[in-house]
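Okay, here's what each chain looks like letter by letter:
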Amino acid sequence: MKNPVNRFKAALKAGRHQLGIWNSIGGNTVPELLAGCGFDWVLVDTEHSPVDVNDVLLALQAIAGYPETSAIVRPAFNDPVLIKRILDHGAQTLLLPYIQSQEEAEAAVRAVRYPPAGIRGVAGLTRASRYGAVDRYTQTASDEICLLLQVETAHAMRSLEAIASVDGVDGIFIGPSDLAASMGHPGNPGHPDVVAAIETAITKLNAMGKPAGILTLDESFARRCMDLGTLFTAVAVDLGILVKGVRDLRARF
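Not measured: the values here are computed from a predicted model.

Calculation criteria
Residues numbered from 1 in each chain as written. Predicted model: local features only at pLDDT ≥ 70, side-chain atom pairs only at ≥ 80, totals over all residues. Heavy atoms only, no water. Phe/Tyr/Trp six-rings, centres within 6.5 Å; stacked < 30°, edge-to-face > 60°. Salt bridge = Lys/Arg side-chain N within 4 Å of Asp/Glu carboxyl O. Helix = DSSP H or I, 4+ residues; strand = E, 2+ residues; numbered from the N terminus. Buried < 20%, exposed > 50% of the residue type's maximum accessible area, 1.4 Å probe, protein only. Contact = heavy atoms within 4.5 Å. Axes fitted to C-alpha atoms, helices over the stretch in contact; angles between N-to-C directions. Parallel < 35°, antiparallel > 145°, perpendicular 65-115°, else oblique. Left-handed = near helix turned anticlockwise from the far one by under 90°. Nonpolar A, V, L, I, M, F, W, Y, C, P; charged D, E, K, R; others polar. Arc of directions from axis to C-beta. Polar contact = N/O pair within 3.5 Å; in protein donor to acceptor, adjacent residues only side chain to side chain. Core = buried A, V, L, I, M, F, W, Y, C linked by side-chain atoms within 4.5 Å.

S.K.: Could you give an account of the packing of aromatic side chains, with specific residues and numbers?
M.R.: All told, the structure shown has seven aromatic pairs when counted by the stated rule. In this structure an aromatic cluster arises from ring pairing among Phe8, Trp22, Trp41, Phe173 and Phe232.

S.K.: Residue-level account of the pattern of salt bridges, with values.
M.R.: Side chains carrying opposite charge are able to pair once their charged atoms draw close together. Under the counting rule described, the total for this entry stands at eight salt bridges. When the shortest N-O distance is used, the salt bridge between glutamate 47 and arginine 74 registers 3.1 Å. Here glutamate 47, found in the loop between β2 (41-45) and α3 (53-63), pairs with arginine 74, found in strand β3 (residues 70-74); they are 27 residues apart in sequence, far enough to count as distant. On the basis of relative accessibility, which here comes to 6%, the residue arginine 74 falls in the buried class.

S.K.: Summarise unusual backbone geometry; cite the residues concerned and give the values.
M.R.: Residues proline 115 and proline 116 are joined by a peptide bond in cis, for which omega reads 5 degrees. Of note, proline 116 is situated in the loop between α5 (102-112) and α6 (137-144).

S.K.: So what's going on with the environment of alanine 201? Residues and values would help.
M.R.: Relative to the helices and strands, alanine 201 resides in helix α10 (residues 192-208). Along the chain, alanine 201 and glutamate 161 lie 40 residues apart, while their C-alpha atoms are 9.1 Å from each other. Once residues lying within four places of it in the same chain are set aside, the contact partners of alanine 201 are Met157, Leu160 and Ile174.

S.K.: Could you give an account of the packing of α10 against helix α11 (residues 219-228), naming the residues involved and the relevant values?
M.R.: For the pair α10 and α11, the least separation of the axes is 9 Å and the interaxial angle reads 25 degrees. Viewed along their axes, α10 and α11 adopt a mutual orientation that is roughly parallel. In the crossing of α10 with α11, the sense of the turn from one axis to the other is right-handed. Where α10 approaches α11, its residues Val195, Ile198, Glu199, Ile202 and Asn206 are matched on the opposing element by Phe221, Arg224, Cys225 and Leu228. Counted by class, the contact of α10 with α11 contains six nonpolar, one polar and two charged residues.

S.K.: Kindly report on helix α1 (residues 7-14), identifying the contributing residues and their values.
M.R.: Along α1, the positions that sit buried rather than exposed are Phe8, Lys9, Ala11 and Leu12. Projection of α1 onto a plane perpendicular to its axis shows the buried side chains occupying an angular sector of 160 degrees, all on one side. Its side-chain oxygen placed 3.1 Å from the backbone nitrogen of phenylalanine 8, asparagine 6 serves as the N-cap of α1. Taken from the residues just after α1, glycine 15 is the one with a positive phi, measuring 75 degrees.

S.K.: I'd like a rundown of the nonpolar core, residues and numbers included.
M.R.: A general trend in soluble globular proteins is that nonpolar side chains are found buried together. Core analysis: the biggest nonpolar cluster contains 56 residues, and Val73, Leu94, Leu96, Leu149, Ile172 and Ile198 have the highest contact counts within it. Considering every element that reaches this core, the biggest residue donor is α10, with six residues. With residues near it in sequence (within four places) discarded, valine 73 still touches Val44, Thr46, Val56, Leu60, Ile86, Ala91, Thr93, Leu94 and Leu95. Counting residues in hydrophobic clusters, the runner-up holds 15 residues, among them Leu95, Cys146, Leu148 and Val237.

Right, here's the structure in full:
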């Protein structure tokens with residue numbers, strides 16, 4: 001059998017915008033629910049949630065039932081061991097947080113590639129290779145792996161072009177909350193200076209031909225980012241939707 005096509009990566013290459021939603025609630029029920037709601041992608045977050053590496057497998061299996069929706073996984077850090085395990089679980093698209101330099105971007109690329117191009121450990125019987133059923137998996141895996149890097153500090157913004165130019169980086173994701181904190185505005189991603197930095201970054205990435213992405217719960221700003229040219233935009237977090245719904249319900253009574 002052939003290595004499954006990464007629909008998300010193909011969409012970015014074709015310049016088609018992909019609308020996403022964040023999954024921070026563990027297990028398989030919520031990822032499955034989200035995958036059936038019509039979003040182009042669901043991000044399984046292991047950085048800022050109780051979701052762990054082993055939970056990722058359940059989420060990926062659940063999302064796989066909805067082939068029109070792509071799964072993205074955010075490891076807790078740019079760590080080759082975490083990356084290796086999540087790729088072996090069958091993740092084809094990763095979003096790596098807190099990338100600060102070209103060197104860290106290059107290390108991320110090596111972590112998702114098999115030798116001699118990288119350092120990913122080789123294992124034959126994993127979900128990624130469909131337990132050995134994918135023909136020439138080790139030779140073709142990188143064709144369908146999509147690597148997204150998160151640029152989320154003022155320091156990283158100064159290296160934006162260098163990070164985005166690294167061969168093997170498929171897209172750059174801007175983290176508004178951490179960026180705001182690093183700029184001296186913690187808890188205020190809507191500060192004019194932060195907004196200006198984000199908009200400038202999107203414009204620069206578009207000029208480079210590098211897909212830009214963001215997560216924002218501000219619907220008007222999400223639309224603004226899409227108008228500026230983000231190609232992958234997340235507009236909600238499952239836990240946030242739950243909290244708002246419950247609080248609004250209580251308030252009505």
